[in-house]
Amino acid sequence: MAKPISLTPKKLSDGKWQLNVPESVSENNKRQRLKFDSKKAAEMEAERLKSMATKWGTEGTKISASLAEDAAKAASLLHGHEITLAALAQSYIDAETVKRQSKSFAEVWTFFEDSRELKSADHKRTLSNLGKKLNLHIGKKLVSEIKHDQLRNALHKEYKSAHGFNLALRSVSPAFNVAIREGWMSVNPCKRIEKIDTGRSGEISVLTLNQCRKLLSACKDYRKDKKVHENYRVDATGALPAVALMLFAGVRPTETTRLEWEQIDLEENTIFVSNKKAKTDRSRFFTIPDTLKEWLELTPKEDRIGSICPTNWKRKIQVIRQKTGISDDRDQLRKTFATMHLAHFKDVNVTRSIIGHEHGDVLFTNYRAATKPKTAAEFWDILPTSPEIELQAAG
């Protein structure tokens, strides 16, 4: 049985009171002679030391009175919260460790860009522009200290439109995920930032069947057409494969300009859009719809080389749009395809895989009821042999 601790105050000649504390209960593991102005103060400290030793052992007495008081205050503040002082202390130590290891946003962004070196040129260009803008606001801040409201304010200053803001938010989030993985921060601030409602009503603007037919028929020679501005008097017959790809496969305009005939296999009925050519930096491989195949086969085998888009593509697609009376909405053909494909084939996953959407929920919500199945069936019957189509041989 342990010997009881004897702590008896003694009065000194100067009127003060002394408490001799043995090393077993001393805060510094050494014998101490503590002085007090009154016997009561000395007795209170003696009782505290004995009480701590009784309840927690001799190690407990090494907690100073000020620390004990601070612990009591902390316990009061944490009342109702399921966390211990030890866990809270560990959390603080972990946060400080992350802070010491953290890097500035500018450093993280450079590291992140370097890790995307093999991505498409467009993807890298987008990241570079985004990094330059955000570095103006948070470049010098440690990523571990960047709050979601600071990031949100920076994005709002640089991106005024809802679409631009949402795209930037989606693009910057992976950089913070990389920082978390590397141990430079603990929480991704993007997770607490909501996307801005774009205000889209849900009614998708798609081409009518008549506009689709006019669009394809408009791929002809305008070099002698006096009704066309002289800058657009071009032979647009070679634009037909590219227009068909956008209309019957939903290939994005920018992707179409990068696509080459070697990525199209009419024998295997497949099209491969590599990540180098895709807008989303994700490769996709899909089966050519039968309708599209008939349009692509109009191009003789010996001419199926090089780029799908002919030279002077911008001028040629512009005159085609003008002649058709179609707006310059770059995604209108893509929206038309998605609408008609989903309504006719009724498989959101197939439609999604062709157009390169990562998720099918948005596609299903926006395009599910955008047209009638009967109209969609007629769309897929728009063939080169259709009586409403007026084709012109390449000049």
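Residues numbered from 1 in each chain as written. Predicted model: local features only at pLDDT ≥ 70, side-chain atom pairs only at ≥ 80, totals over all residues. Heavy atoms only, no water.

> Explain the packing of aromatic side chains residue by residue, including any values.
Taken as a whole and assessed by the stated rule, the structure comprises eleven aromatic pairs. Between F105 and F176 the ring centres are 5.8 Å apart and the planes differ by 40°, which places this aromatic pair in the tilted class. Taken together, the positions of F105 in helix α4 (residues 105-115) and F176 in helix α7 (residues 162-181) put the pair 71 residues apart, joining distant regions of the chain. Take F105 and F176: they sit in the same class, and that class is buried. Grouping aromatic residues by their ring pairs yields a cluster made of F248, W295, F337, F345, F379 and W380. (Phe/Tyr/Trp six-rings, centres within 6.5 Å; stacked < 30°, edge-to-face > 60°. Helix = DSSP H or I, 4+ residues; strand = E, 2+ residues; numbered from the N terminus. Buried < 20%, exposed > 50% of the residue type's maximum accessible area, 1.4 Å probe, protein only.)

> Give me the lowdown on the sheet that holds strand β1 (residues 10-11), citing residues and values where you can.
Here three strands make up an open sheet; going across it, the order is β1-β2-β3 and the pairing antiparallel. Only two strands of the sheet have a single neighbouring strand rather than two, namely β1 and β3 (32-36). The sheet contact formed by strand β2 (residues 17-21) and β3 spans five bridges and is antiparallel. Following the sheet pairing, V21 is matched in β3 by Q32. (Pairing = 2+ DSSP bridges.)

> Give me the lowdown on the nonpolar core, citing residues and values where you can.
Among the nonpolar cores identified, the biggest contains 52 residues, and F248 and I264 are the most heavily contacted of them. Counting residues per element, this core draws most heavily on helix α9 (residues 240-249), which supplies nine residues. Setting aside residues up to four positions removed in sequence, F248 forms contacts with L216, P289, T291, L292, W295, F337, F379, W380 and I382. (Core = buried A, V, L, I, M, F, W, Y, C linked by side-chain atoms within 4.5 Å. Contact = heavy atoms within 4.5 Å.)

> Which residues make up the side chain of T324, and what values go with them?
Relative to the helices and strands, T324 is located in helix α12 (residues 313-324). Reaching out from T324, the side chain makes a polar contact with the backbone oxygen of I320 at a distance of 2.6 Å. Apart from residues lying up to four places away in sequence, T324 is in contact with Q211, K214, L215 and A218. (Polar contact = N/O pair within 3.5 Å; in protein donor to acceptor, adjacent residues only side chain to side chain.)

> Kindly report on the packing of helix α8 (residues 209-217) against α9, identifying the contributing residues and their values.
At a minimum axis separation of 9 Å, α8 and α9 run at an interaxial angle of 155°. Of the possible angle classes, the one that applies to α8 and α9 is roughly antiparallel. Touching C212, L215 and L216 of α8 are L240, V243, A244, L247 and F248, all from α9. Split by residue class, the contact of α8 with α9 holds eight nonpolar, no polar and no charged. (Axes fitted to C-alpha atoms, helices over the stretch in contact; angles between N-to-C directions. Parallel < 35°, antiparallel > 145°, perpendicular 65-115°, else oblique. Nonpolar A, V, L, I, M, F, W, Y, C, P; charged D, E, K, R; others polar.)

> Any details on helix α13 (residues 332-345)? Residues and values, ideally.
Between the first and last C-alpha of α13 there are 20 Å, a value that for 14 residues agrees with the 20 Å anticipated at 1.5 Å per step. Counting buried positions along α13 gives eleven out of 14 residues, so the element sits mostly inside the fold. When α13 is considered as a whole, its buried residues turn out to be Q332, L333, R334, T336, F337, A338, T339, M340, H341, L342 and A343. Backbone geometry just after α13 places K346 at a positive phi near 55°. (Expected span 1.5 Å × (residues − 1).)

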